[in-house]
Amino acid sequence: MWLCNITAVIGLFLSFRYNQKLFEIFFYFTWTGDLLTLLIWPNPVSPPLATYPLSWAGFVLKHSAPLALTILFIKQGRLLNRDAAWSALKAMLVYAGFIAVYDFGLGQNILDFCYPSIEIMKLFGPWPYYIIVNISLALLWYYIIHMITIRIKIVKIS
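So, a few notes on the structure that sits alongside this text. (Residues numbered from 1 in each chain as written. Predicted model: local features only at pLDDT ≥ 70, side-chain atom pairs only at ≥ 80, totals over all residues. Heavy atoms only, no water.)

**Considering the overall build of the protein chain**
Item 1. If you tally the helices and strands in the protein chain, you get six helices and zero strands.
Item 2. Counted from the first residue to the last, the protein chain has its helices and strands arranged as α-α-α-α-α-α.
Item 3. By the compact-globule yardstick of 15 Å for 158 residues, the protein chain fits well, its C-alpha radius of gyration being 16 Å.
Item 4. Counting only residues that meet the buried cut, the protein chain has 35% of its 158 residues in that class.
Item 5. Taking the intrachain contacts of the protein chain between residues at least 6 apart in sequence as the baseline, contacts between residues at least 24 apart amount to 64%.
Item 6. Each charge class in the protein chain can be summarised by its mean position, and for the 11 positive and 6 negative side chains these summaries are 14 Å apart. (Helix = DSSP H or I, 4+ residues; strand = E, 2+ residues; numbered from the N terminus. Rg over C-alpha atoms; globule rule 2.2 N^0.38 Å. Buried < 20%, exposed > 50% of the residue type's maximum accessible area, 1.4 Å probe, protein only. Contact = heavy atoms within 4.5 Å. Lys, Arg positive; Asp, Glu negative; His and termini not counted. Charge placed at Lys NZ, Arg CZ, Asp CG, Glu CD.)

**What about the environment of Pro126?**
Item 1. Mapped onto the elements, Pro126 comes out in the loop between helix H5 (119-122) and helix H6 (129-151).
Item 2. Overall, Pro126 belongs to the exposed group, its relative accessible area being 56%.
Item 3. In the structure, Pro126 is positioned ten residues away from Pro116 in sequence and 8.6 Å away in space, judged by C-alpha atoms.

**Overview of the packing of aromatic side chains**
Item 1. With the rule as written, the count across this model stands at twelve aromatic pairs.
Item 2. An angle of 65° between the planes, with centres 6.2 Å apart, marks the rings of Tyr18 and Phe73 as edge-to-face. Of this pair, Tyr18 sits in the loop between helix H1 (3-16) and helix H2 (20-39) while Phe73 sits in helix H3 (residues 53-75); the two residues are 55 residues apart in sequence, bridging distant segments of the chain.
Item 3. Three or more aromatic residues joined by ring pairs make a cluster, and in this case those are Tyr18, Phe23, Phe26, Phe27, Tyr28, Trp31, Phe73 and Tyr142.
Item 4. In this structure, Arg78 is placed above the aromatic ring of Tyr18, and the distance from its NZ or CZ to the ring centre is 3.7 Å. (Phe/Tyr/Trp six-rings, centres within 6.5 Å; stacked < 30°, edge-to-face > 60°. Lys NZ or Arg CZ within 6 Å of the ring centre and 35° of its normal.)

These figures capture arrangement, not role.
In structure tokens, the structure reads:
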């Protein structure tokens, strides 16, 4: 259910059978979820390096390999369509809606819909304010990625 696991599976699938829309979703999911997971340190869901070095290495690999794979696809000439950010955002909203129901229904907290799991989110206020801030930051991050992809010319000009 974790987005990083889903992203890793999508990357594996794309390695054997390419699909443009799936690549675009993979690209945005990777450059939001996987990148931010690696940047948040200490990460509350990461196994501790000192105690579980192999599990920690697997955690880092699971989050860095999709980033490298997106670069490999781009180097192979795969480009994003102009509406890639919109397609990925729609897929993210479907995923987030499913996870919200899952979280509340089964008492889980996969996308922090029930309570904040990292310290910085606690600064955004109580529930539901920190969720509104998180959604706003995600929209901003998608926009930034979109602008960067246009700037570095990995978006197809149609």
